[in-house]
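Chain residues, written in single-letter form:
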Amino acid sequence: LLAAAEYRLAAAESAAIAPRALYHATLSSDIALYESRLKDNRSYVSLFQAAVQIQNKYWGFLVEFGEPVPRLFQRAEKLFIEALRADLFAANPVVCLAALYVQASEPKKADQTIALLKTRAIREADEYNFAFYLALRGDLDRAFSLLERVVARDPRQIDWILESDD
């Protein structure tokens, strides 16, 4: 009976771990794809997409293991900065870079970065990421208000909200 109970416990733990392993495997695959695209295409979209996937991986490791992965942070930071330069009007890389700085416990850099929004308008497509930034900064009321607007516009977003680490 003891062996059967231990087996059930191990099986339950494996089932709980499996979705996270799949999440990280998918992120790693996406990162490899976006990084390979950057060899020939350093457009704003390519830079931003790669940076977001790397930031998601950075955040996933930080949340799960409590330790930052400096190499992931540095790569995401570099790509966000390059995306900022590639599109001088896009708000999303500002928001995501500021969130990365909050994740890395660098609030001064986050404040300096988010101040760049004075020259960039947040569009509807940016609101999900801005809500994440606000939640990281502890402004949960504004974050949830924004998420309600995002879901009202596109109910399919609820699936991403439930699956995503942010």
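Residues numbered from 1 in each chain as written. Predicted model: local features only at pLDDT ≥ 70, side-chain atom pairs only at ≥ 80, totals over all residues. Heavy atoms only, no water.

Caption draft 1: Region of interest: the overall build of the chain. Within the chain one finds eight helices and zero strands. Going residue by residue from the N terminus, the α and β elements of the chain occur as α-α-α-α-α-α-α-α. Buried residues in the chain amount to 39% of all 166 residues. Taking the contacts inside the chain whose residues are at least 6 apart along the sequence as the reference set, 58% of them involve residues at least 24 apart. (Helix = DSSP H or I, 4+ residues; strand = E, 2+ residues; numbered from the N terminus. Buried < 20%, exposed > 50% of the residue type's maximum accessible area, 1.4 Å probe, protein only. Contact = heavy atoms within 4.5 Å.)

Caption draft 2: Focus on the nonpolar core. Counting 43 residues, the largest nonpolar core has Phe80, Phe130 and Tyr133 as its most contacted members. Of all the elements in the fold, those that place two or more residues in this core are helix H1 (2-38), helix H2 (44-65), helix H3 (70-86), helix H4 (92-103), helix H5 (107-114), helix H6 (127-136) and helix H7 (140-153). Sorting elements by how many residues they give to this core places H2 first, with ten residues. Leaving out residues up to four positions away in the same chain, Tyr133 has contacts with Val95, Ala98, Ala99, Val102, Ala110, Asp111 and Ile114. (Core = buried A, V, L, I, M, F, W, Y, C linked by side-chain atoms within 4.5 Å.)

Caption draft 3: Inspection of H7 at higher detail. Compared with the 20 Å implied by 1.5 Å per residue over 14 residues, the 20 Å span of H7 between its first and last C-alpha is a close match. On the buried face of H7, the contacting elements are H6 and helix H8 (157-163). (Expected span 1.5 Å × (residues − 1).)

Caption draft 4: Representation of the side chain of Asp126 within the structure. Tracing the sequence through the fold places Asp126 in the loop between H5 and H6. A residue is classified by how much of its surface remains accessible, and Asp126, at 0% relative accessible area, is buried. Within the structure, the side chain of Asp126 is placed 3.1 Å from the side chain of Asn92, a separation counted as a polar contact. (Polar contact = N/O pair within 3.5 Å; in protein donor to acceptor, adjacent residues only side chain to side chain.)

Caption draft 5: Looking closely at the packing of H3 against H4. Interaxial distance between H3 and H4 falls to 9 Å at its minimum, and their mutual angle equals 155°. Taken as axis vectors, H3 and H4 run roughly antiparallel relative to one another. The way H3 lies across H4 gives a crossing that is left-handed. On the side of H3, the interface is formed by Phe73, Ala76, Glu77, Phe80, Ile81, Ala83 and Leu84, while H4 contributes Pro93, Val94, Cys96, Leu97, Leu100 and Tyr101. (Axes fitted to C-alpha atoms, helices over the stretch in contact; angles between N-to-C directions. Parallel < 35°, antiparallel > 145°, perpendicular 65-115°, else oblique. Left-handed = near helix turned anticlockwise from the far one by under 90°.)

Caption draft 6: Fine view of the packing of aromatic side chains. This model, assessed by the stated rule, comprises seven aromatic pairs. Look at Trp59 and Phe132: their rings are 6.0 Å apart centre to centre, the planes differ by 75°, and that puts the pair in the edge-to-face class. Residue Trp59 is located in helix H2, and its partner Phe132 is located in helix H6; the two are separated by 73 residues in the primary sequence. Trp59 gets classed as buried once you look at its relative accessible area, which sits at 17%. Residue classification places Phe132 among the buried residues on the basis of a relative accessible area of 10%. With a centroid separation of 5.6 Å and an interplanar angle of 35°, the aromatic rings of Phe61 and Phe65 are classed as tilted. Of this pair, Phe61 and Phe65 both sit in helix H2, four residues apart, which is roughly one turn of that helix. Taken together, Tyr44, Phe48 and Phe80 form an aromatic cluster joined through their ring pairs. (Phe/Tyr/Trp six-rings, centres within 6.5 Å; stacked < 30°, edge-to-face > 60°.)

Caption draft 7: Structural context of the environment of Ala99. Examined against the element boundaries, Ala99 turns out to sit in helix H4. The class for Ala99 is buried, based on a relative accessible area of 1%. Setting aside residues up to four positions removed in sequence, Ala99 forms contacts with Gln55, Phe132, Tyr133 and Leu136.

Caption draft 8: Local environment of the pattern of salt bridges. Counted according to the given criterion, the structure contains eleven salt bridges. Between Glu82 and Arg42 there is a salt bridge, with its nearest N and O atoms 2.8 Å apart. Here Arg42 lies in the loop between H1 and H2 and Glu82 lies in helix H3, a separation of 40 residues in the sequence. Classification of Glu82 as partly exposed rests on a relative accessible area of 23%. When its relative accessible area of 40% is taken as the criterion, Arg42 is described as partly exposed. Where Glu127 meets Arg149, a salt bridge forms, and the shortest distance between an N and an O atom there is 2.3 Å. Placement of Glu127 in helix H6 and of Arg149 in helix H7 is noted, with a sequence separation of 22 residues between them. Assessed through its relative accessible area of 44%, Arg149 is described here as partly exposed. Through salt bridges that share partners, Glu124, Glu127, Arg149 and Arg153 make up one connected network. (Salt bridge = Lys/Arg side-chain N within 4 Å of Asp/Glu carboxyl O.)

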